[in-house]
Every structure is written in C-alpha cells, then in structure tokens.
Amino acid sequence: MGTWGSGNFDSDTAADHLSELTGRLLDEVERAMSGDRVELEPDEYWGVAVPCNLELLHLIASRHYVGAGLPSAATIEGWKADFMAVWERSIDGLEPAPGHKEERRAVLLRTFDGLAALARERDQDGQAD
C-alpha cells in the first residue's frame, strides 16, 4: 500500500516503526509480569514502569494508527490481577500518605481497565495486531 495520507503515521514504514515501538513496550511489560513479583512492588522500577508502559500503549493505540499493537483483553486482565495482587500486598508497608493509596489504586485500575477496553474494541472491530 505504501503511503495512504500525509500524516506522520500514514505509511507502511511508519506502521512498521510503530509496531516495533509498541512491541518494545509490550515486551517490557511481559518480561516484568513474568519475572520476580518483588520487582512489581510499588517502590520498585517495574511497579512504576509497567503502568507507564500501559498508559503509553493506550495513548498510542487510541489514535487507531496502523501498526499500534495491543495484547488481548484477557492478557491485560491477567496482568491486572497479578499486578494488583502485588500492589495490594505491599502498599501498606510503604506507609502511604492519607488518601494516596485510594487515589493510586483508582489510577492503576483505570489504566488496566482502559487498555483492556481498547483491546476489546479492537478485537470486535477486527483490528487486532
């Protein structure tokens, strides 16, 4: 197909680039989620970076660019269950400020749920990558 518009993401090359970029974000999440659960605790690198990667994926995929890959909604829901179990088990030990725990939990749930909803939408539209 080559080029189908004048936008930055309107060509096969751009779609390939976007696929590689989103693939790297997903690979990091997959490695973190399959690794040592301690690394997912709220004060650890992957406890912060996983939600960041998921939000970046949501931002990119919500633009409906060709090449923006997402896992299945079921995969995201599994990640959510695992991640939140670690988070719930460890957050109190960090003695969060009043209200922080509830606010952060809401943001985390919104992050996972929003990406899962987008993945379901893509699956229904036949746009899965």
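See the structure shown above.
Since the structure is predicted, the reported quantities are computational estimates derived from the model, not experimental observations.

A. Region of the structure containing the overall build of the protein chain. Check the secondary structure of the protein chain and you find 4 helices and 0 strands. Listing the helices and strands of the protein chain from first to last along the sequence gives α-α-α-α. Across its three principal axes, the protein chain shows a C-alpha extent of roughly 55 × 25 × 25 Å. Counting the 129 residues in the protein chain, one finds 36% classified as buried. The contacts in the protein chain between residues at least 6 apart in sequence include a share of 69% that link residues at least 24 apart. Counting only carbon and sulfur atoms, one obtains 51% of the accessible surface of the protein chain, whose full area is about 7300 Å². Within the protein chain, one finds 12 positive and 25 negative side-chain charges whose respective centroids are separated by 4 Å.

B. Quick look at the pattern of salt bridges. Taken as a whole and assessed by the stated rule, the structure comprises 5 salt bridges. Between Arg 120 and Glu 77 there is a salt bridge, and its shortest N-O distance comes to 3.7 Å. Pair noted here: Arg 120 is in helix H4 (residues 100-125) and Glu 77 is in helix H3 (residues 73-90), with a separation of 43 residues, a long-range link. Classification of Arg 120 by relative accessible area gives partly exposed; the value is 38%. We classify Glu 77 as partly exposed; its relative accessible area is 29%. The partner of Lys 80 in a salt bridge is Asp 113, with the nearest N and O atoms 2.6 Å apart. Of the two residues, Lys 80 is situated in helix H3 and Asp 113 in helix H4; the sequence distance between them amounts to 33 residues.

C. Just the side chain of Lys 80, in detail. Look at Lys 80 and you get buried, because its relative accessible area is 19%. Leaving out residues up to four positions away in the same chain, Lys 80 has contacts with Leu 109, Phe 112 and Asp 113.

D. Focus on a negative patch on the surface. On the surface, a cluster of negative charge is contributed by Asp 36, Glu 39, Asp 43 and Glu 44. Inspection of the secondary structure assignment puts Glu 44 in the loop between helix H1 (12-34) and helix H2 (45-61).

E. The arrangement of H2 in detail. Relative to the 24 Å expected for 17 residues at 1.5 Å per residue, H2 spans 24 Å between its end C-alpha atoms, a close match to the ideal helical length. Buried residues of H2: Trp 46, Gly 47, Ala 49, Val 50, Pro 51, Asn 53, Leu 54, Leu 57, Ile 60 and Ala 61, and no others. Check the buried side of H2 and you find it contacts H1, H3 and H4.

Thresholds applied
Residues numbered from 1 in each chain as written. Predicted model: local features only at pLDDT ≥ 70, side-chain atom pairs only at ≥ 80, totals over all residues. Heavy atoms only, no water. Helix = DSSP H or I, 4+ residues; strand = E, 2+ residues; numbered from the N terminus. Buried < 20%, exposed > 50% of the residue type's maximum accessible area, 1.4 Å probe, protein only. Contact = heavy atoms within 4.5 Å. Areas by Shrake-Rupley, 256 points an atom, 1.4 Å probe, with all protein chains shown as cover. Lys, Arg positive; Asp, Glu negative; His and termini not counted. Charge placed at Lys NZ, Arg CZ, Asp CG, Glu CD. Salt bridge = Lys/Arg side-chain N within 4 Å of Asp/Glu carboxyl O. Patch = residues over 30% accessible without salt bridge, like charges linked within 9 Å, V, L, I, M, F, W, Y side chains within 5 Å. Expected span 1.5 Å × (residues − 1).

Geometry only, nothing functional implied.
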